[in-house]
Amino acid sequence: EVQLVESGGGLVQPGGSLRLSCAASGFTFSSYAMSWVRQAPGKGLEWVSAINAGGGSGSTSYVDSVKGRFTISRDNAKNTVYLQMNSLKPEDTAVYYCHVNYRTMDYWGQGTQVTVSS
């Protein structure tokens, strides 16, 4: 059974940083690309970032609004994907989910709340 468990969210002031983690199980983690998506209050899902299975140079992508501020990475030995978020803005407030497409099905975690406010 595929399981994704996010952690690391919280309340942070504008300009602050958070690191989100997503622990994966139930599939061969190192063989699959992983993504982060978010849902702001009253809005739909927004893709944020992705990293391919290998995780090497050139393997990452970002939505324009987070480029230069967020960094996605993965540790295949720990079956974990991370999202380092720096220079946070109020508009980054959302529930953040990690995602994998495994055998043509989409899986999501339960999400972790990130609130950026003074």
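Residues numbered from 1 in each chain as written. Predicted model: local features only at pLDDT ≥ 70, side-chain atom pairs only at ≥ 80, totals over all residues. Heavy atoms only, no water.

Student: Hey, could you run me through the state of the cysteines in this one?
Tutor: One way to say it: the disulfide is the covalent bond shared by the sulfur atoms of two cysteines. One pass over the full model with this rule turns up one disulfide. The residue that forms a disulfide with Cys 22 is Cys 98, at a sulfur-sulfur distance of 1.9 Å. Every disulfide takes its handedness from the sign of the S-S torsion; for Cys 22 and Cys 98 that torsion is 45°, giving right-handed. Here the residue Cys 22 occupies a position in strand β3 (residues 18-25), and Cys 98 occupies one in strand β9 (residues 94-102), the gap between them amounting to 76 residues. Neither residue differs from the other here; Cys 22 and Cys 98 are each classed as buried. (Disulfide = S-S within 2.5 Å. Helix = DSSP H or I, 4+ residues; strand = E, 2+ residues; numbered from the N terminus. Buried < 20%, exposed > 50% of the residue type's maximum accessible area, 1.4 Å probe, protein only.)

Student: I tried to follow the pairing of strand β11 (residues 112-116) on my own but got confused; where do I start?
Tutor: Looking along a regular strand, one sees side chains alternate from face to face of the sheet. Burial along β11 is one-sided: Thr 112, Val 114 and Val 116 are buried, while Gln 113 and Thr 115, pointing the other way, are not. Across three bridges, strand β2 (residues 10-12) lies against β11 in parallel orientation. Within β11, the position partnered with Leu 11 by the bridge is Thr 115. Bridge count between β9 and β11: three bridges; the pairing is antiparallel. In the strand pairing of β11, Ala 94 is matched with Val 114. (Pairing = 2+ DSSP bridges.)

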